[in-house]
Amino acid sequence: MKKYVPEEAEDLKKQIQSVFGINVLSKTRRREVVDARMAMMVSLRKLFTTMEIGSYFGMDHSSVVHACK
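Counting from 1, residues in each chain are numbered in the order their sequence is written. Per-residue local features are limited, in this predicted model, to residues with pLDDT of at least 70; the limit for side-chain atom pairs, both in listing and counting, is 80 or more; totals at the level of whole chains, interfaces and linings are taken over all residues. Values shown for side chains rest on all heavy atoms present in the structure; no hydrogens or waters enter the calculation.

### Some details on the pattern of salt bridges
When a carboxyl oxygen of Asp or Glu is within 4 Å of a side-chain nitrogen of Lys or Arg, the pair counts as a salt bridge. The tally for this structure, following the rule as stated, stands at 3 salt bridges. Arg31 serves as the salt-bridge partner of Asp35, at 3.0 Å between the closest nitrogen and oxygen. Here the residue Asp35 and the residue Arg31 both occupy positions in helix α2 (residues 31-45), the gap between them amounting to 4 residues, near one helical turn. Accessibility here uses a 1.4 Å probe with only protein chains present; expressed as a share of the type maximum, an area under 20% marks a residue as buried, one over 50% as exposed, and anything in between as partly exposed. We classify Asp35 as partly exposed; its relative accessible area is 38%. Exposure remark for Arg31: the relative accessible area of 55% places this residue in the exposed category. Under the scheme used here, helices are H or I runs from DSSP no shorter than 4 residues and strands are E runs no shorter than 2 residues, and both carry numbers assigned from the N terminus.

### Things to note about the side chain of Thr50
Counting through the fold element by element, Thr50 comes out in helix α3 (residues 50-57). Accessibility expressed as a relative area gives 14% for Thr50, which makes it buried. Here a residue-residue contact requires only that any non-hydrogen atoms of the pair lie within 4.5 Å. Look past the residues within four positions of Thr50 in its chain and what remains in contact with it is Arg45, His61, Val64 and Val65.

As structure tokens, then:
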């Protein structure tokens, strides 16, 4: 099954990587990566469902809900 990658999410990921030098898709719990990932989830929430965002990050939809709170 091919992973659906929204164009807006890829653009935002590239912007974060160029400014902060952080890969938000990495599987780490380092504070700077987690904060950037959560900010990206909040930004994408206006455009996509929690299920779509969760699948992009390889997480459950409840992780997206927690990040948005």
